[in-house]
Amino acid sequence: MKSVDVLLSAPMMPLIMDGVAAAFTAHRPWEAKDRDAFLREVGPRIRGIAAGGGHAKIDGRFMDLFPKLEIIANFGVGYDNIDAAEAGRRKVIVTNTPDVLTDEVADLAIGLLLSTIRQLPQAERYLRAGKWLEKNFPLTTTLRGRKVGILGLGRIGKAVAQRVAAFDVPVAYHGRNKQADVPYRYYASLNEMARDVDVLIVVTPGGAGTKNLVNAEVLRNLGPNGILVNVSRGSVVDEPALIQALRDKTILSAGLDVFVDEPRVPAELIAMDHIVLLPHVGSASVHTRNAMGQLVVDNLTAWFAGKGPKTPVAETPWQRR
Ligand code: 8YV
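Residues numbered from 1 in each chain as written. Predicted model: local features only at pLDDT ≥ 70, side-chain atom pairs only at ≥ 80, totals over all residues. Heavy atoms only, no water.

### Let's talk about the domain arrangement of the protein
Which entries qualify depends on this criterion: For the domains described, the bounds stem from an automatic or database domain assignment. Contact definition: two residues touch when any of their heavy atoms are within 4.5 Å. Defined here as a combined quantity, buried area equals the accessible surface (1.4 Å probe) lost by two parts on assembly, summed across both. When a carboxyl oxygen of Asp or Glu lies within 4 Å of a side-chain nitrogen of Lys or Arg, that pair is called a salt bridge. Residues were grouped as follows: Ala, Val, Leu, Ile, Met, Phe, Trp, Tyr, Cys and Pro as nonpolar; Asp, Glu, Lys and Arg as charged; and all remaining residues, including Gly, as polar.
Domains assigned within the protein are domain 1 (5-97 + 287-320) and domain 2 (102-277). Centre-to-centre separation of domain 1 and domain 2, based on C-alpha positions: 32 Å. Residue-level contacts link five residues of domain 1 with five residues of domain 2. Taken as a group, Val 77, Asp 80 and Thr 288 account for 81% of the area that domain 1 buries against domain 2, more than any other trio of residues on that side. The tally of links from domain 1 across to domain 2 stands at one salt bridge. Residue composition of the side of domain 1 that touches domain 2, by class: one nonpolar, three polar and one charged.

Dropping the structure here:
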């Protein structure tokens, strides 16, 4: 398939860059002296894009550069970095990396939840600072007796719910629709759920449809014992409202793996010692990132072998153009 030209949107893990280069003629615009001139030159030949790794949004204007584009294979289950509706209008397939990261991200969500509630990073910092020699670490809050609400009961949301339920605490969820065959209580209103629970775990996809869904009112409803965990996208939470709510103790604490302007994290959050902040590591194990990378390569090779995409997104569900 060397006759097929594929663009790597940005530097990516070697597994993807090598896999794409082995199967196709790969193009690496970040190596060009003049990126725009480079894209204008190769653009008319490009039929596939491997996306991810910090490239700016792939929107209609960017797609305009590639009149022969057939497929955009995204590294990540979330694809809010791509205008998939616009791709759909152009009959360009978008693929993502579902399933292979579900358990990893759900595991991380639980780790972050327990770290936040039991202050594990703070306890570790305390030991390392030699403070244990002076007195015991202060007692913490607990998961016992809490109720957990999950925002977004998709694949990852279900895996989180299953894990939380194993800790023997009630689980509820909010999403656009009530789901058949799930044992958890459904709330049609996020505010109502926030009022009834004291842990809110955000797992819903990012993008325009979920922007600032967790706003000042939701945080007020979560209340002074409330803990917010976000492993989805920073955009789902109104970040200034969250900072305010943490400052004035409208909620108790937060465990955040994602932020609005990554990798920049607001100084106000970094200054708060009682919350837990992670550098977007939900899927970031060698095992899982390799599986995700392989799926990017597999989507491209399956498509150009005429077998259809392996994991197309909802906006571009077709097998053929
Ligand atoms: C990122 C993620 O894709 O899958 C997702 O949606 O958030 C992550 O796995 C990863 O950070 C690569 O950029």
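Structure's up, so let's keep going.
### Observations concerning the pattern of salt bridges
Stated formally: Strands are runs of DSSP state E lasting at least 2 residues, helices are runs of H or I lasting at least 4, and numbering of each runs from the N terminus. Buried means the residue's accessible area, taken with a 1.4 Å probe over protein chains only, is under 20% of the maximum for its type, while exposed means over 50%, and partly exposed covers the values in between.
Taken as a whole and judged by the stated rule, the model has 16 salt bridges. The shortest N-O distance in the salt bridge between Arg 163 and Asp 107 comes to 2.8 Å. Highlighted residues: Arg 163 in helix H7 (residues 155-166) and Asp 107 in helix H5 (residues 102-118), separated in sequence by 56 residues. Classification of Asp 107 as partly exposed rests on a relative accessible area of 39%. One network of salt bridges, with partners in common, ties together Asp 64, Glu 86, Arg 89 and Arg 90.

### Some points on the environment of Asp 107
Stated precisely, the cut-off is as follows: Definition of a polar contact: a pair of N or O atoms within 3.5 Å, with one able to donate and the other able to accept a hydrogen when the atoms are protein atoms, and with sequence-neighbouring residues admitted only if both atoms are side-chain atoms.
A sequence separation of 175 residues divides Asp 107 from Gly 282, and the C-alpha atoms of the two residues are 8.3 Å apart. A polar contact is formed between the side chain of Asp 107 and the side chain of Arg 163, at a distance of 2.8 Å.

### Topic: the sheet that holds strand S9 (residues 199-202)
Operational definition: Should DSSP find at least two bridges between two strands, the strands are taken to pair. Whenever a helix is involved, its axis is fitted only over the stretch in contact; in every case the axis is a line through C-alpha atoms, and angles between N-to-C directions fall within 0 to 180 degrees.
Overall, parallel pairing links the seven strands, which are arranged S8-S7-S6-S9-S10-S11-S12 in an open sheet. Two strands lie at the open edges of the sheet, namely strand S8 (185-187) and strand S12 (276-277), each paired on one side alone. As paired strands, strand S6 (residues 148-151) and S9 are joined by four bridges and run parallel to one another. In the sheet register, Val 148 faces S9, and the bridge partner there is Val 199. Across the face of the sheet, H5 comes into contact with S9, strand S10 (227-230), strand S11 (253-256) and S12 while running at roughly 150° to S10.

### Details of the pairing of S11
Threshold: Clockwise travel from the first strand over the helix to the second, with the strands pointing away from the viewer, marks a crossover as right-handed.
Side-chain alternation along S11 places Ser 253 and Gly 255 on one buried face and Ala 254 and Leu 256 on a second face that is also buried. Relative to S11, S10 runs parallel, the two sharing four bridges. For Ile 227, the partnering residue across the bridge sits in S11 and is Ser 253. Crossover S10 to S11 through helix H10 (residues 239-247) is right-handed. The pairing of S11 with S12 spans two bridges and is classified as parallel. Residue Leu 256 lies in a different strand from S12, and its bridge partner there is Leu 277.

### Re the sheet that holds strand S1 (residues 5-8)
With parallel pairing, the five strands of this open sheet are ordered in space as S2-S1-S3-S4-S5. The open sheet is flanked by strand S2 (25-27) and strand S5 (93-95), the only strands paired with a single partner. Strand-to-strand, the axes of this sheet are offset by a mean angle of 20°, without reference to chain direction. Pairing of S1 with S2 involves three bridges; the strand directions are parallel.

### Considerations on the packing of H5 against H7
Note the threshold: Geometric relationships in this document are graded by angle, where less than 35 degrees denotes roughly parallel, more than 145 denotes roughly antiparallel, 65 to 115 denotes roughly perpendicular, and other angles denote oblique. Crossing handedness is read from the near helix: turned anticlockwise from the far helix by less than a right angle, it gives a left-handed crossing, and turned clockwise, a right-handed one.
Direction vectors running N to C along H5 and H7 enclose 50°, while the axes themselves pass 9 Å from each other. Here H7 runs oblique to H5, going by the angle between their axes. Note that H5 runs across H7; the crossing there is right-handed. Across the interface between the two elements, Thr 102, Asp 103, Val 105, Ala 106, Asp 107, Ala 109 and Ile 110 of H5 pack against Arg 155, Ile 156, Ala 159, Val 160, Arg 163 and Val 164 of H7. When grouped by side-chain class, the residues that make up the contact of H5 with H7 number eight nonpolar, one polar and four charged.

### With respect to the site of the ligand
As a reminder of what qualifies: Nearness is defined per residue: one heavy atom within 4 Å of the molecule or strand is enough.
Lining the immediate surroundings of the ligand are Phe 75, Gly 76, Val 77, Gly 78, Leu 101, Arg 233, His 280, Ser 283, Arg 289 and Met 292. Between the ligand and Arg 233, the relevant distance is 2.8 Å, taken from an oxygen atom to a side-chain nitrogen or oxygen of the residue. Contact between the ligand and Ser 283: an oxygen atom at 2.6 Å from a side-chain N or O atom of the residue. Looking at the shell around the ligand residue by residue, the class counts come to four nonpolar, four polar and two charged.

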